[in-house]
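# Examination of the molecular architecture
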Amino acid sequence: MMAVARVARLYPLHLTMLLIVAVLDWGKPENTLPIFLCHLFMLQGLVPGADSGFVGPSWSISVEILCYFLFALAACSGKRTLTWISVALVVLVVTKLAILGLPGGPWGADCLIGGVLGFFIGQLLWQHREILARVPTIVLALTLAIGVTINVGAYSPLLPFDLLAWPSALLLVLRLKTFEAPPFLWLGERSYGIYLVHYPVLNIFFAALGKSHASTTSVIALYVAFSIAVLAVASVVLHLVE
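The following refers to the structure shown.

Parameters at a glance
Residues numbered from 1 in each chain as written. Predicted model: local features only at pLDDT ≥ 70, side-chain atom pairs only at ≥ 80, totals over all residues. Heavy atoms only, no water. Helix = DSSP H or I, 4+ residues; strand = E, 2+ residues; numbered from the N terminus. Buried < 20%, exposed > 50% of the residue type's maximum accessible area, 1.4 Å probe, protein only. Phe/Tyr/Trp six-rings, centres within 6.5 Å; stacked < 30°, edge-to-face > 60°. Core = buried A, V, L, I, M, F, W, Y, C linked by side-chain atoms within 4.5 Å. Contact = heavy atoms within 4.5 Å. Axes fitted to C-alpha atoms, helices over the stretch in contact; angles between N-to-C directions. Parallel < 35°, antiparallel > 145°, perpendicular 65-115°, else oblique. Left-handed = near helix turned anticlockwise from the far one by under 90°.

Turning next to unusual backbone geometry. Of note, M42 is a non-glycine position whose phi angle comes to about 55 degrees, a positive value. As for its position among the elements, M42 is in the loop between α2 (33–40) and α3 (59–75). When its relative accessible area of 6% is taken as the criterion, M42 is described as buried.

Written out as structure tokens, the structure reads:
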């Protein structure tokens, strides 16, 4: 039921944005019928090359749906099975990144496995959040700093990011009451809408203004106008679509 509920939560706005962008940008080389079908069935993050067309950022939604599907299958067999499958997936992805991961990046080819890794690390953290609450905040802050700054040389940068920075950031956020303030809750309610609508709104801005060499003041004004437009549209779709 959880997986069905999440799809029902995500798909209406995804479909709405897909159709809007299809109407506006169908003539672009990357927006083809096969790519459209991938987006329609939420496969854009799973099929190579499909994430480059239509609503580009929506690739992560298809990876999220895959994670929900795997989570639901594991959870049906009980908490112990869920834990072992989560650990197995984390070990499998980390091994793949350690052996075959590319330096630099992160690269588009890592989006799928990086998403799965981040999801199941988060799931394990939530299962053991009471024990992890004993970890000193300074240790989490230092681990976060190391995760985002360490140079791993020939290895994939996703390794320190997902194994050090991501868990530390999640655990720190759980301790910060600042994120429970009304402005953050307001943004949180609209975060999914902001994530999807910003891309077509950005394309509309580019189409209307074209390429120009504006002054610093004009650039700042443009960013403010863009932010207001995205927040306004996200608020509308929250009530009418989501």
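That covers the picture; the talk isn't over yet.
Applying the stated criterion across every chain yields a total of 8 aromatic pairs. Ring plane angle 80 degrees and centroid distance 5.7 Å describe the contact between Y68 and F119, whose orientation is recorded as edge-to-face. With Y68 in helix α3 and F119 in helix α5 (residues 111–127), the pair connects residues that are 51 residues apart, well separated along the chain. Overall, the relative accessible area of 11% leaves Y68 in the buried class.

Attention now goes to the nonpolar core. Ranked by size, the top nonpolar core spans 24 residues in total, and within it F54 and L196 carry the most contacts. Contributions of two or more residues to this core are made by α1 (2–25), α2, α3, α9 (182–209) and α10 (216–240). The leading source of residues in this core is α1, at 6 residues. Ignoring any residue separated from it by four or fewer positions in sequence, one finds F54 in contact with L18, V21, A22, W26, N31, T32, I35, F36, H39 and Y199. In this structure, V63, F71, A74 and L172 belong to the second largest nonpolar core, which totals 22 residues.

Packing of α9 against α10 brings their axes to within 7 Å, and their N-to-C directions diverge by 125 degrees. Taken as axis vectors, α9 and α10 run oblique relative to one another. Note on packing geometry: the crossing formed by α9 with α10 is right-handed. Facing α9, whose interface residues are W186, L187, E189, R190, G193, I194, V197, H198, V201, L202, F205 and L209, α10 presents L222, A225, F226, A229, V230, L231, V233, A234, S235, V237, L238 and H239.

With that settled, consider the side chain of R190. Here R190 lies in helix α9. Of the residues examined, R190 reaches a relative accessible area of 7% and is grouped as buried. Contact partners of R190, with chain neighbours within four places excluded, come to A234, S235, L238 and H239.

As far as function goes, none of this settles anything; it's purely spatial.
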